[in-house]
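# Summary of the model geometry
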Amino acid sequence: MKKLLLVLSFLTLITLAHAAEAYLTLSYQVLDSRVAPGGETTVFLTLTNPSLKDVGNIKVYLTPGPYLTLTSNYFELSGLSSGSSQQISFNVKVSASASPQISYVKARVEYTVESLEREVNTNIPITIRAEPLLQIANVNFSSTPEPGKKVKLTFSIFNFGEGSAKDLTVRIIQSEIFGVVGASEKFVDEIRPSEFASLSFELIIQPSVEAGIYSIPISLAYKDETRSENYSATKYLDLVVSGSYEFIVTLEDQEMLVPGSKGSVEIKVVNAGNQEAKYLTLDISSEYPFAEVFPQKVYVGSLEADDYDTEKVSVRISKNASPNAYPLKVKLSYRDAYGKEYGEEHAVYVKVSSFEELPKPTLLTPFNLAILFLFIAIILYYFFKRRKR
């Protein structure tokens, strides 16, 4: 027990003696963990007097290492009382020609304690690194993505950073919307600053996908120019899936038409595609032998996939037309869900008959037959009535 008390007493005396001896401690903080060539950062240097005596006449000398310049390299303080601290700050600029490395700012502090000169030193590391910054641009599809269709996706990866990106792995993350034909991952050795690499992948859109806007996730994993820092990011590209259109236009019905006559025809439009047509409009031409078509423009509106619409129009045939089947031209104009405009032309064949084909008038019309049967019935009635008398 006595030995333990002696040890504790000895340690206490050493601590008191150390506290009684005046001295300064230095600590620092660099604002940026990395500084790119041509960049700048701020350093905060803190001077602390943890002792029981005051220190005075403090002089701070700063010496930059390779590729570094300082906005200030000398500071002077009147002193620091016991238990106090003070912070100074200065900017460090990195040369644009600096290579990746760790350079140092040497801080040497001179001060006096009761007329005795003392000194303390520290080295402040400045990490010089040029970071890469990758972005995807110039996205292109070989054709319009549609359900069940293969398309080639091409894009460029630009390095907008100040350092090279090395050992780049590019991977397309597949989903229930699309798959990748062949390799879904590609490797690029290096992309230097202000340069780019172009890549392409073949995609297949799943047949069950509905028209809409989806995302293609692209994973990027790479290293900085020293291969000491790892980076990863996921970029998203828009995948606009459009349905396919297939319209069937037929003549549903028509009245009998002869040269110079007027009658109606009924046109049927079927959307046999797999997406809705919006703002559907029919433009019907009035070319020979159709002297008149009314209306020439018919607005249908939206026509869902696997649905149809019928429209009745009136036509007048030219007097000099010969009996035949003539094409009545119908132009369809519509838009998809994204506002893209489409147009296509169709024709239905309208028959123009000869006058000989017109039905012959007859005296035995249904009305005349009814009158005849009534007349015969009356005669028979009176005939049998007289015979009974």
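As a reminder, the structure under discussion sits directly above these lines.
Residues numbered from 1 in each chain as written. Predicted model: local features only at pLDDT ≥ 70, side-chain atom pairs only at ≥ 80, totals over all residues. Heavy atoms only, no water.

In terms of nonpolar packing, the biggest core is built from 30 residues, with Phe 155, Ile 157, Leu 203 and Ile 216 touching the most fellow members. Listing elements by their share of this core, those giving two or more residues are β9 (134-141), β10 (150-159), β11 (165-172), β12 (178-181), β13 (185-191), β14 (196-205), β15 (212-223) and β16 (230-241). For this core, the element with the highest residue contribution is β14, accounting for 5 residues. Contact partners of Leu 203, with chain neighbours within four places excluded, come to Phe 141, Lys 149, Lys 150, Val 151, Leu 153, Ile 172, Phe 178, Gly 179, Val 180, Val 181 and Ile 216. Grouped together as the second largest cluster of nonpolar side chains are 29 residues, Ile 58, Val 92, Val 105 and Ile 126 included. (Core = buried A, V, L, I, M, F, W, Y, C linked by side-chain atoms within 4.5 Å. Buried < 20%, exposed > 50% of the residue type's maximum accessible area, 1.4 Å probe, protein only. Helix = DSSP H or I, 4+ residues; strand = E, 2+ residues; numbered from the N terminus. Contact = heavy atoms within 4.5 Å.)

Next up on the list: the side chain of Ser 164. One can find Ser 164 in the loop between β10 and β11. Polar contacts involving the side chain of Ser 164 include one to the side chain of Glu 190, which spans 3.0 Å. Among all residues touching Ser 164, those that are not within four sequence positions of it are Pro 132, Asn 159, Glu 190, Ile 191, Arg 192, Pro 193, Lys 223, Asp 224 and Glu 225. (Polar contact = N/O pair within 3.5 Å; in protein donor to acceptor, adjacent residues only side chain to side chain.)

On to the sheet that holds strand β4 (residues 68-70), then. Spatial ordering of the open sheet is given by β1-β2-β6-β4, a layout of 4 strands whose pairing is antiparallel. Strands at the two margins of the open sheet, each flanked by one partner only, are β1 (25-30) and β4. Here the strands of the sheet are splayed against their neighbours by 30° on average, with no regard to which way each runs. As paired strands, strand β2 (residues 40-48) and strand β6 (residues 85-94) are joined by 9 bridges and run antiparallel to one another. Bridging across to β6, Glu 40 finds its partner in Lys 93. (Pairing = 2+ DSSP bridges. Axes fitted to C-alpha atoms, helices over the stretch in contact; angles between N-to-C directions.)

So, on to the packing of aromatic side chains. Applying the stated rule across the entire model yields 12 aromatic pairs. With 5.8 Å between their ring centres and 20° between their planes, Phe 158 and Phe 160 make a pair best called stacked. In this structure Phe 158 comes out as buried when scored by relative accessible area, which is 19%. A relative accessible area of 55% means that Phe 160 is categorised as exposed. Taking the centre distance of 5.4 Å and the plane angle of 10° together, the rings of Tyr 222 and Tyr 231 count as stacked. (Phe/Tyr/Trp six-rings, centres within 6.5 Å; stacked < 30°, edge-to-face > 60°.)

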